[in-house]
Structure formats: structure tokens, C-alpha cells
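What follows is the residue order along each chain.
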Amino acid sequence: MKERKDTFKTDSEIEIQRIYSPVDQINEVPGEYPFTRGVHAHGYRSRLWTMRQYAGFSTAEASNERYHYLLQQGTTGLSVAFDLPTQIGYDSDHELSEGEVGKVGVAIDSIRDMERLFKGITLQNISTSMTINATGFILLAFYTALAKRQGADLSKISGTIQNDILKEYIARGTYIYPPKPSMKIITDIFEYCSKELPKWNTISISGYHIREAGSSAAQELAFTLANGKAYLQAAISKGLDINVFAKRLSFFFNAHNNFFEEIAKFRAARRMWAKITQQLGATEARAQMLRFHTQTGGSTLTAQQPQNNIARVTMQALAAVLGGTQSLHTNGYDEALSLPTEEAAKLALRTQQLIAYETGVTDTVDPLAGSYFIENLTNQLEEAAWKYIEKIEVMGGAVAAVEAGYMQTEIANAAYQYQKDIESKEKVIVGVNDFVEDEKKAQGVFKIDDSIRQVQIEKLQKLKAERDNDAVKILLEELKTKAQNDENIMPTVINAVDKEATLGEIADVLRGVYGEYEG
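The sections below set out a description of the structure shown in this document.

Parameters at a glance
Counting from 1, residues in each chain are numbered in the order their sequence is written. Confidence filtering applies because this is a predicted model: local features only for residues at pLDDT of at least 70, side-chain atom pairs given and counted only at 80 or more, and all residues used for totals across whole chains, interfaces and linings. Derived side-chain values reflect all non-hydrogen atoms in the structure, with water molecules and hydrogen atoms excluded from consideration. For every residue, the accessible area obtained with a 1.4 Å probe (protein chains only) is divided by the maximum for its type, and the residue is called buried under 20%, exposed over 50%, and partly exposed between those limits. By definition, any uninterrupted DSSP run of H or I lasting at least four residues is a helix, any uninterrupted run of E lasting at least two residues is a strand, and each is numbered from the N terminus. One requirement defines pairing of two strands: DSSP has to find at least two bridges between them. Only buried residues count toward a nonpolar core, which is a set of Ala, Val, Leu, Ile, Met, Phe, Trp, Tyr and Cys residues joined through side-chain atoms within 4.5 Å. Note on contacts: a residue pair is in contact if any heavy atoms of the two residues lie within 4.5 Å. N or O atoms closer than or at 3.5 Å make up a polar contact, with two conditions inside protein: a donor-capable atom paired with an acceptor-capable one, and, for residues adjacent in sequence, both atoms drawn from side chains. Only the contacting stretch of a helix is used when fitting its axis, a line to C-alpha atoms as for every element, and angles between N-to-C directions run 0 to 180 degrees. An angle below 35 degrees is read as roughly parallel, one above 145 as roughly antiparallel, one from 65 to 115 as roughly perpendicular, and any other as oblique. Left-handed describes a crossing in which the near helix is turned anticlockwise from the far one by less than a right angle; the clockwise case is right-handed. In this classification, the charged set is Asp, Glu, Lys and Arg, the nonpolar set is Ala, Val, Leu, Ile, Met, Phe, Trp, Tyr, Cys and Pro, and all remaining amino acids, among them Gly, are polar. Each patch is built from residues that are more than 30% exposed by relative accessible area and take part in no salt bridge. Like charges join if they lie within 9 Å; nonpolar side chains (Val, Leu, Ile, Met, Phe, Trp, Tyr) join within 5 Å. The Shrake-Rupley method, run with a 1.4 Å probe, gives the accessible areas here. Residue values count only the displayed protein chains as cover. Any carboxyl oxygen of Asp or Glu within 4 Å of a side-chain nitrogen of Lys or Arg constitutes a salt bridge here. Each residue after the first adds 1.5 Å to the expected span of a helix. The reported arc concerns the directions from the helix axis to the C-beta atoms and nothing else.

## Examining the pairing of strand E7 (residues 249-255)
Every regular strand shows the same layout, with side chains that alternate between the two sheet faces. Burial within E7 is extensive, with seven of its seven residues counted as buried. With burial as the criterion, each face of E7 is covered, one bearing Leu 249, Phe 251, Phe 253 and Ala 255 and the other bearing Ser 250, Phe 252 and Asn 254. By the bridge criterion, four bridges tie strand E6 (residues 203-206) to E7 in an arrangement that is parallel. Within the sheet, the bridge partner assigned to Ile 203 lies in E7 and is Leu 249. Alignment of E7 against strand E8 (residues 292-296), held across five bridges, turns out to be parallel. Along E8, the bridge assignment pairs Phe 252 with His 293.

Structure below.
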């Protein structure tokens, strides 16, 4: 692969080698099993990470404006946040949606909203990540149907749906159906995409939310990989080829405050995943590689002295880059107060660009390899994570561990200890429990208008008056039959959304078949 420059040099004109590998410390090289030092031989010398900014709020039109703004500022991939009703399968006119429409992300009820969200954006030319789980299959259907309407070559469509339902039971709570049918939907997506959307990452196995719920770095690593192993096993049980579908799995990790531990965590994750996939039969290198997106730690942001968050985000982003991330989102410094303002979003993106183009850390692969500290910490994190995974295996795997509440309890205990350490000042949080100041009222906070729900309701009323309701009814009945017969539901869901069935209508059909999970 051609590198970005013929030579890489420091400010003192010292030429930087592609890799540094003291023989007496580590004999591994980037791009080769077990990938501790990276999944690509040339690292960022050939291609920088995808710079994403996570955005979505109020209506599709408002979010579309933000996306165009971010693209103009140099964002190389979009990352979509959805509101709570969209995440749990309710249209904006449902009574349980009141007060939540457009609040923590964009409201998407139908393919018409999806068209508004991506107006002026050619899906074939952009990589899109969608943070969506229980209804991930519906949002993927919206995206696929829209790509078809744009005349796209589906074999060239790229992006990711999070689609990691196990961590919803563990950490976030935006699940709908019980674990077993939810796993079945996920393997339906694997199967469909392996044939129709070969460049689409069908799942982003998320440690991010596990960490946000209060886990330690070792727990984030262990529980995320245990969930990943469960998805592999479910797909293999369905008869899918691990050397095909495992290439389209990606991961989503948190970049927290402990700088060197985070770097070691990313290195250990690659090595552990390579071993897990090999043990389950993966023989091709690309099926053994752990590729991951990183987001800086939302829970580390403070409402007190919010400008301190600029420094926090910078250090976390640098850890992700030194750890070899393939994609990165940096949080806005004001996100502890509200959705990020345009100014904060731009500064967050500029932080990535500064790291990429001004620091020199991208000029060699795995620059901290060989550090006694980093290598030791990588080994220790791996050892701690394997101990958790072994316990989960004894319980019968990740699904059984979730149903038993094991991971939830471990995370709660870790979060409790973390908070105790803050309260005792064993752990200092600048501006919160030390170096505090009298606070002024926050200025320029981004707010969402509560009238958004009525706007969405009017759109839904217009849609239902104009669409072919008979065609929608037939396809929803077909979806019910396929779900009951344990057939792959994805083709029918795509046809249904193209005929303008709503997200809530599709989710409700499956509620009738699978029931709802009472955690």
C-alpha cells in the first residue's frame, strides 16, 4: 500500500522508521497475527483514521444542516445519534414518546425522515455509523432503501450499525425483545449483509457504554470481547462462515482518562480477539483482525469548569490514536451541559486534525511498542480480562451471564468503588473535588424546542395519508409470518420501509411475535 509521504521526519529532520522493534522485548510486527501492534502493516502512514463527529438532534432537517457543516469542516465520516423513541421502537406520535422526541438524537420515523437526514449527501460516497441497537435492523433497512432510491451500487455502500444488543441488557437499557430473538435478528443482519452489503460493518460490539456505566478498563475489555464471542457463536450456529462474516465485525471502545492504560487496553483487545477468532475456526487474517472505533469518554466530561474538558478530550483522543484506532469521535467540551454547540463540535474535530497533522505520532506504527511499561500493562490487562471471560464461559457464555445479572453486578461494584475514590479524593477530578472555583452560569447552551414532537406527528399523518396502506399491511403480515417461521426478516423489512411502513409499525409486529423483555 502506498504511504502518504516518501519519507517521514521529525522537526529536526530525523527520518522516522515505519516500526521500531527491539528484538529482546517484542518480536511481533504490525499487520500480522496476533495484531498487538496493529491490524495494518503501515498504520497511519498509508491512511489516517476516519474522523467522525457524533451528531443528531431534533428533526432530520436540523441534523442534516449539522452534517453539511461538519463535512465542510473536514469530517470524513458521519456518525448518527437517534432519539430515545427511535432507539426503542416507538414512532413520535406514540404516547410514550412524549417529552423525548428529538432530545438525545434525531427522530426517524420513516424513510421520508431518512431522506431528509441525508439530503444532498450521496450515501455511496460517505461512511456512516449509526448508534442504534434494538431497532438497528430497521435503520439499516431505511439506509439500504434510501441508497437504492439514490441509485447506489449496494456493494459499495460502507458504514456501521452498532447492533450490539447484549450490552443494552448490561449497560444502557434500550432493548425491546428478549435476548434470544434479539440474537436471531442480529444473525439475520449478518446473513443479509454478507450477500447484499459486503462492505457494511454489521455490528459494532460496544465497550463504550459498558465503560460509561462504570466498568473498569479490564471489565470493558473482557465483557466486550465476551459479547463478541457470543455473536460469533450465534452466527456459526446458523451455518455462517466465520471467515466471511467476521470480516465485517467491528468494535467500539471508550477512551477514558488513564492515558497509558487506555493505550494498553486497545493493544490487548486486538491480541485477545485474534486468539478468540482463531479458536472458533477463523483462518483468514482479516477475519481475525479487531478493527475499532473510539469515542472519548462522555462520563469523564464535567459541568464544572467545562473548558477543562478540552484537555481531557485531547489526551483521550491521543490515547486512541497511539492505540491504533480506525475511527474516532471526539466529544464537545460542553456536552456535560447540553448537546454540543457548533463551536464545540468544530473544536472537537480540530483536535483530531491537530493530532493527525501536527504531532508526528502518526508517522510510525505503534510508537510505544517496546516500552517496558506499555508491554507489561498490555499483558496485565489481557490476563485480568481472560479471568472474567473464563467465569462467563463457566456460566454458559455471555447471554447466560447477562440473564444471570453477572456483568451488571460487576459493573455496579466497579462504579461504586470509583465514586467512593472520588469522594475520598483518592481519585482527583480537577474542578470537581479539587481545584474548584465559584461557577458562573453556563453560556450558549444548545437547547431543543419541545414543539419538535408536533412537527413529527404532522409528518406521520401526511405519510399515512399519502402512502399505499394496503401494500404496507401486506408486507407487515409477511413480516409477522417470517418472524413466526424463524426466517430471515431483512428483505421484508427493507421492502416494507420502501413502501413507507414506519419504524414503530415494524417494531410492533415483532413485539407481537417475540414479546418484550422485562429486565
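On we go from here.
## Examining the nonpolar core
One finds Met 114, Phe 118, Met 130, Phe 137, Ile 506 and Leu 510 to be the most contacted residues of the largest nonpolar core, which totals 125 residues. Sort the elements by how many residues they give to this core and helix H8 (residues 217-237) lands first, with eleven residues. If sequence neighbours within four positions are ignored, Ile 506 has contacts with Phe 137, Ile 138, Leu 476, Leu 479, Val 493, Ala 496, Val 497 and Ala 501. With six residues, the next largest nonpolar core counts Phe 57, Ala 62, Ala 107 and Ile 452 among its residues.

## Let's talk about the environment of Ser 215
Turning to its location among the elements, Ser 215 is positioned in the loop between helix H7 (208-212) and H8. Linking Ser 215 and Ser 250, residues 35 residues apart in sequence, is a C-alpha distance of 20 Å. When near neighbours in sequence (up to four residues on either side) are disregarded, Ser 215 contacts Ile 210, Glu 220, Ile 411 and Ala 414. In terms of polar contacts, Ser 215 uses its side chain to reach the backbone carbonyl oxygen of Ile 210, at 3.3 Å.

## What about the packing of helix H12 (residues 308-322) against helix H13 (residues 342-358)?
Across the interface, H12 lies against H13 with an axial gap of 10 Å and an inter-helix angle of 45°. Relative to H13, the element H12 lies oblique. Our pair here, H12 against H13, has a crossing hand that is right-handed. Along its contact with H12, which presents Ile 310, Thr 314, Ala 317, Leu 318 and Val 321, the element H13 presents Leu 347, Thr 351 and Ile 355. When its residues are assigned to classes, the contact of H12 with H13 shows six nonpolar, two polar and no charged.

## Structural notes on a nonpolar patch on the surface
A cluster of nonpolar residues, Val 428, Val 430 and Phe 435, forms a patch on the protein surface that exposes about 260 Å² of accessible area. With respect to the helices and strands, Val 430 occurs in the loop between helix H16 (406-423) and helix H17 (452-466). The class of Val 430 is partly exposed, set by a relative accessible area of 37%.

## Considerations on the sheet that holds strand E9 (residues 327-329)
The sheet built from nine strands is open, its strands ordered E5-E4-E3-E2-E1-E9-E8-E7-E6 with parallel pairing. One side of each edge strand has no neighbouring strand; the edge strands of this open sheet are strand E5 (200-201) and E6. For strand E4 (residues 158-161) and E5, the ladder comprises two bridges, and the chain directions are parallel. Across the sheet, Thr 160 pairs through a bridge with Asn 201, a residue of E5. Contacts from helix H1 (residues 60-73) reach strand E1 (50-55) and strand E2 (77-81), with the element oriented near 150° to E2. On top of the sheet, helix H10 (residues 259-279) reaches E7 and E8; it is set at about 160° to E7, its chief contact.

## Brief notes about H17
Within an α-helix, residues lying three or four positions from one another point in the same direction, as the helix has 3.6 residues per turn. Over its 15 residues, H17 extends 21 Å from the first C-alpha to the last, a length consistent with the 21 Å expected when each residue adds 1.5 Å. Burial in H17 covers these residues: Ile 452, Arg 453, Gln 456, Ile 457, Lys 459, Leu 460 and Leu 463. Seen end-on, H17 carries its buried residues on one side only, within an arc spanning 160°. H17 presents Gln 461 and Ala 465 as exposed residues on the side facing more than 90 degrees away from its buried surface. Against the buried residues of H17 lie H1 and helix H3 (111-117).

## Topic: the side chain of Ser 92
Mapped onto the elements of the fold, Ser 92 is located in the loop between helix H2 (84-87) and H3. According to the relative accessible area criterion, Ser 92 is buried, its value standing at 1%. Reaching out from Ser 92, the side chain makes a polar contact with the side chain of Asp 109 at a distance of 2.8 Å.

## Observations regarding H13
With 17 residues, H13 extends 23 Å between its outermost C-alpha atoms, agreeing within 8% with the 24 Å of an ideal straight helix rising 1.5 Å per residue. Residues of H13 that are buried include every one of Ala 344, Ala 345, Ala 348, Leu 349, Thr 351, Gln 352, Gln 353, Ile 355 and Ala 356, and no others. The inward-facing, buried residues of H13 abut E1, H1, H12 and E9.

## Things to note about the pattern of salt bridges
Two side chains that carry opposite charge are able to pair once their charged atoms sit near each other. Following the criterion strictly, the structure yields 31 salt bridges and no others. Between Glu 61 and Arg 116 there is a salt bridge whose closest N-O contact spans 3.5 Å. Placement of Glu 61 in helix H1 and of Arg 116 in helix H3 is noted, with a sequence separation of 55 residues between them. On the accessibility criterion, Glu 61 (32% relative accessible area) is partly exposed. Arg 116 gets classed as partly exposed once you look at its relative accessible area, which sits at 24%. Between Lys 459 and Glu 61 there is a salt bridge; the shortest N-O distance is 2.9 Å. On the criterion of sequence distance, the pair formed by Lys 459 in helix H17 and Glu 61 in helix H1 is long-range, its members being 398 residues apart. Lys 459 sits in the buried class, given a relative accessible area of 15%. Overlapping salt bridges, with partners in common, bring together Arg 37, Arg 267, Asp 366 and Glu 375 in one network.

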